[in-house]
Amino acid sequence: GYLGNRGAQALFLALASCPQREDTGDGTTQGAFAVFEELRRLDLAGQGIANEAAFALAELVPRCPKLAHIDLSRNNVSEKAAHRLLQAVEAHPSIMEVKLEGNPVPSWLRVRLNTMLATRRPQV
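These numbers were taken from a predicted model, which means no experiment stands behind them.

1. Some points on the sheet that holds strand β4 (residues 69-71)
Taken together, 3 strands build an open sheet; the order of strands is β3-β4-β5 and the sheet is parallel. Where the open sheet ends on each side, the last strands, each with one partner, are β3 (41-43) and β5 (97-99). Recorded for the sheet is a direction-independent mean angle of 0° between the axes of neighbouring strands. As paired elements, β3 and β4 share 3 bridges and run parallel to each other. Its bridge partner being in β4, Arg41 is matched across the sheet by His69.

Printed below as a string of structure tokens:
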């Protein structure tokens, strides 16, 4: 389905403010973040994501420790929100790829993001 900017913003903010885990008493955990702890890929291409939702996503990213790929292509994320996402990605060691094609993001910011991510990829 299609999220849209407001729906995505509300979802990301709600998830970012939830308690991370609940102990069930039997040695297991439950809750929204049991899923996010294993999330490796987030495909939000063409979902109507704009700056407000991108800022909220930046708050959610630290709660996803295994996240390695984020696809935000074909949305409406501009410079200010892309810069905030760059900060979140810089602080998140497992992210290896962020796609921003088709967004009004300046080329210098794309270059900075790609340069930073290139240092994380294994050299072949």
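What follows picks up the thread again.
2. A short note on unusual backbone geometry
Here Arg74, not a glycine, exhibits a phi torsion of approximately 60°, which is positive. Among the secondary structure elements, Arg74 is positioned in the loop between β4 and α4 (79-90). Residue Arg74 is classed as exposed on the basis of its relative accessible area of 57%.

3. A closer look at empty space enclosed by the protein
Scanning the model with the defined rule gives 1 cavity of 30 Å³ or more in all. In terms of residue count, the dominant contributor to the lining of the largest cavity is α4 (4 residues). Residues that form the lining of the largest cavity fall into these classes: 10 nonpolar, no polar and no charged.

4. Considerations on the environment of Ala81
Position of Ala81 among the secondary structure elements: in helix α4. A sequence separation of 24 residues divides Ala81 from Val105, and the C-alpha atoms of the two residues are 9.0 Å apart. Not counting residues up to four positions away in its chain, the partners in contact with Ala81 are Asn51, Ala54 and Phe55.

5. Examining the side chain of Asn5
Along the polypeptide, Asn5 turns up in helix α1 (residues 5-17). Judged by its relative accessible area of 17%, Asn5 falls in the buried class. A polar contact is formed between the side chain of Asn5 and the side chain of Glu52, at a distance of 2.7 Å. Setting aside residues up to four positions removed in sequence, Asn5 forms contacts with Gly48, Ile49, Ala50, Asn51, Glu52 and Ala53.

6. A few points about the packing of α1 against helix α3 (residues 51-60)
Axis separation between α1 and α3 bottoms out at 8 Å; the angle between their running directions is 20°. For the element pair α1 / α3, the angle class is roughly parallel. When you trace α1 past α3, the crossing you get is left-handed. Contacts between α1 and α3 involve Asn5, Ala8, Gln9, Phe12, Leu13, Leu15 and Ala16 on the former and, on the latter, Asn51, Glu52, Ala53, Ala56, Leu57, Glu59 and Leu60.

Reading the values: the criteria
Going along each chain's sequence as written, the residues are numbered from 1 onward. Totals for whole chains, interfaces and linings use every residue, but because this is a predicted model, local features are given only for residues with pLDDT of at least 70 and side-chain atom pairs only at 80 or more, for both listing and counting. Values reported for side chains reflect all heavy atoms of the structure, with hydrogen atoms and water molecules removed beforehand. DSSP bridges decide pairing: two strands pair if at least two such bridges lie between them. Runs of H or I in DSSP of at least four residues are treated as helices and runs of E of at least two as strands, each being numbered from the N terminus. To define axes, lines are fitted to C-alpha atoms, for helices over the stretch in contact only, and angles between the resulting N-to-C directions are given on a 0 to 180 degree scale. To sort residues, take the accessible area from a 1.4 Å probe on protein chains only and compare it with the maximum for the residue type: under 20% means buried, over 50% means exposed, and anything in between is partly exposed. Method remark: on a 1 Å grid restricted to protein atoms, a set of points is classed as a cavity if a 1.4 Å probe fits but cannot get out and as a pocket if it is open with protein on both sides within 12 Å along at least five of seven lines; lining residues have an atom within 4 Å of a point. Grid points are joined across faces, edges and corners, and a volume is the space filled by probe spheres set on the points. We call Asp, Glu, Lys and Arg charged. Ala, Val, Leu, Ile, Met, Phe, Trp, Tyr, Cys and Pro are nonpolar, and the rest, Gly among them, are polar. We call two residues contacting when some pair of their heavy atoms lies within 4.5 Å. In protein, a polar contact means a hydrogen-donor-capable atom and an acceptor-capable atom, both N or O and within 3.5 Å, with residues adjacent in sequence counting only if both atoms are side-chain atoms; elsewhere, any N or O pair within 3.5 Å suffices. Angle categories are assigned with fixed cut-offs, so that under 35 degrees is roughly parallel, over 145 is roughly antiparallel, 65 to 115 is roughly perpendicular, and the rest are oblique. Here a crossing is taken to be left-handed if its near helix is turned anticlockwise relative to the far helix by less than a right angle, and right-handed if that turn runs clockwise.

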